[in-house]
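# Chains, contacts and geometry: an overview
The residues making up each chain are set out below.
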Amino acid sequence: MSLLVVGSVAFDALETPFGKVARALGGAATYCSVAASFFTGVNLVGVVGDDFTEKDASIFRGRHIDLTGLERARGKTFFWAGRYTDNLNDRVTLATELNVFATFNPKLPPAYRHSPYIFLANIDPKLQRSVLSQVSRRPKLVALDTMNYWIERTPAELRETLRHTQVLMINDAETRQLSSQHNLLRAAKHIFKLGPRTLVIKRGEHGAMMVHDNSVFSVPGYPLEEVHDPTGAGDSFAGGFMGCLASAGSTSDAALRRAIVYGSVMGSFTVERFGLDRLRTLTRREITARARHFRRLTQFRL
Ligand code: AMP
């Protein structure tokens, strides 16, 4: 089944202890769509400016990504600049230039209106809801990402959007902030009252945890010797997670657990190189091998 992805397509300026790139293709929807396309067909909704070239779009070609919903507007593409210090977990945002994103009003092409699986990447919760209002059939699963900016500045809008969401995918700091609870299990209980029935907490190099009904599932971060650029890890995780669920056509507990592993696999590949470089050359065979390795990592006898 196909996956609808809505979010930013961007140019990023990235700085990590391993190097610097002035203009790399990025954006949450880009990472998520490319990662998900290894598992299922993706319909991408976003906006780019007139500085977005055919060469930039080439990352989407040859994959199962439909670009009918990628609007081209006059002006510059969304730009984000970030710097990571020695501790690759901490990043500082140096610049956020909304450009064509400032007036973005997502419009779903008719063929996207029956999307059974939907991922709403981190954008204004009002826009996330506007996407849901254009879907004509009740989706099987809606997952949402958000950030401190929206939790602080538009809490009422975010709550309204969460009422229509089944899976919330955020990091541990955002989980604590949204719930005003330090303990993550208590935080999950609080979040379930807001709408979602599954909480996926992304914990960077410490892995990911899913709380769902009364069960908790946790995977470690994949042990990597070299991490060059953490940008897009969360969105690649979301792509692997949602792509895996959409291809299975299931939201059972077993399917969700497998999706957490494939999400972790995709995030771990992304951070190995700058920007989208690792996903560009990645193969399905490498994905399967790493998923198997994940299983071995966490297997033990009692
Ligand atoms: P992640 O590292 O998974 O949190 O995602 C990083 C990507 O999110 C980058 O490629 C940025 O272009 C994009 N991004 C950063 N800030 C924002 C924002 N405020 N709204 C939408 N996308 C953003």
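Read on for a plain summary of the structure. These numbers come from a predicted model, not from an experiment.

### Thoughts on the site of the ligand
Taken together, 17 residues form the shell around the ligand, and within it Ser8, Asp12, Gly27, Gly232 and Asp235 come nearest. The contact in question runs from a nitrogen atom of the ligand to an N or O atom on the side chain of Ser8, over 2.8 Å. The separation between an oxygen atom of the ligand and a polar side-chain atom of Arg91 is 2.9 Å. For the ligand, whose unbound accessible area comes to 500 Å², protein coverage reaches 85%. Mapped by element, the contributors of at least two residues to the shell around the ligand are β2 (10-16), α1 (28-36), β7 (78-84) and α8 (233-248). No other element matches α8, which puts 3 residues into the shell around the ligand. Here the shell around the ligand is composed, by residue class, of 7 nonpolar, 7 polar and 3 charged.

### A word on unusual backbone geometry
One non-glycine residue, Ser180, adopts positive backbone phi at about 55°. Within the secondary structure, Ser180 sits in the loop between α6 (172-179) and α7 (184-192). One non-glycine residue with positive phi stands out, namely Asp213, at about 50°. Topologically, Asp213 is positioned in the loop between β13 (208-212) and β14 (215-219).

### Details of the side chain of Ser179
Following the sequence through the fold, Ser179 ends up in helix α6. Looking at Ser179, the relative accessible area reads 3%, which means it is buried. In this view, Ser179 contacts Ala187, His190 and Ile191; residues no more than four positions away in its chain are not counted.

### A word on the sheet that holds β7
The 4 strands lie next to each other as β3-β2-β7-β8, forming an open sheet whose pairing is mixed. Of all strands in the sheet, those with a lone pairing partner are β3 (19-26) and β8 (91-97), marking the two edges. Going from strand to strand, the sheet's axes swing by 15° on average, the running direction of each strand aside. Two elements, β2 and β3, share 6 bridges in a ladder whose sense is antiparallel. Its bridge partner being in β3, Leu14 is matched across the sheet by Val21.

### A look at the packing of helix α9 (residues 253-270) against helix α11 (residues 284-298)
For the pair α9 and α11, the least separation of the axes is 9 Å and the interaxial angle reads 115°. The element α9 and its partner α11 pack so that their crossing is right-handed. Contacts between α9 and α11 pair Val261, Tyr262, Ser264, Val265, Met266, Ser268 and Phe269 from the former with Arg284, Glu286, Ile287, Arg290, Ala291 and Phe294 from the latter. Of the residues contributing to the contact of α9 with α11, the split by class is 8 nonpolar, 2 polar and 3 charged.

### Describing the pattern of salt bridges
Taken as a whole and assessed by the stated rule, the structure comprises 13 salt bridges. Across the pair Lys107 and Glu71 runs a salt bridge whose closest N-O atoms are separated by 3.8 Å. Of this pair, Lys107 sits in the loop between β8 and β9 (117-120) while Glu71 sits in strand β6 (residues 70-72), placing them 36 residues apart in sequence. Residue Lys107 is classed as exposed on the basis of its relative accessible area, which comes to 53%. For Glu71, a relative accessible area of 31% translates into the label partly exposed. Linking Arg163 and Glu160 is a salt bridge whose minimum nitrogen-to-oxygen distance equals 3.2 Å. Classification of Arg163 by relative accessible area gives exposed; the value is 54%. Under the relative-accessibility criterion, Glu160 is labelled partly exposed at 27%.

### Considerations on the nonpolar core
Grouped together as the largest cluster of nonpolar side chains are 58 residues, with contacts concentrated most on Phe119 and Phe241. Broken down by element, the residue count for this core peaks at 9 residues, all from α9. In terms of nonpolar packing, the next biggest core, distinct from the first, is built from 40 residues, Ile123, Leu158, Leu194 and Val211 among them.

### Observations concerning the environment of Tyr149
Mapping Tyr149 onto the fold places it in helix α4 (residues 148-153). As for Tyr149 and Thr68, which are separated by 81 residues in sequence, their C-alpha atoms are 29 Å apart.

About the thresholds
- Residues numbered from 1 in each chain as written.
- Predicted model: local features only at pLDDT ≥ 70, side-chain atom pairs only at ≥ 80, totals over all residues.
- Heavy atoms only, no water.
- Near = heavy atom within 4 Å.
- Polar contact = N/O pair within 3.5 Å; in protein donor to acceptor, adjacent residues only side chain to side chain.
- Areas by Shrake-Rupley, 256 points an atom, 1.4 Å probe, with all protein chains shown as cover.
- Helix = DSSP H or I, 4+ residues; strand = E, 2+ residues; numbered from the N terminus.
- Nonpolar A, V, L, I, M, F, W, Y, C, P; charged D, E, K, R; others polar.
- Buried < 20%, exposed > 50% of the residue type's maximum accessible area, 1.4 Å probe, protein only.
- Contact = heavy atoms within 4.5 Å.
- Pairing = 2+ DSSP bridges.
- Axes fitted to C-alpha atoms, helices over the stretch in contact; angles between N-to-C directions.
- Left-handed = near helix turned anticlockwise from the far one by under 90°.
- Salt bridge = Lys/Arg side-chain N within 4 Å of Asp/Glu carboxyl O.
- Core = buried A, V, L, I, M, F, W, Y, C linked by side-chain atoms within 4.5 Å.

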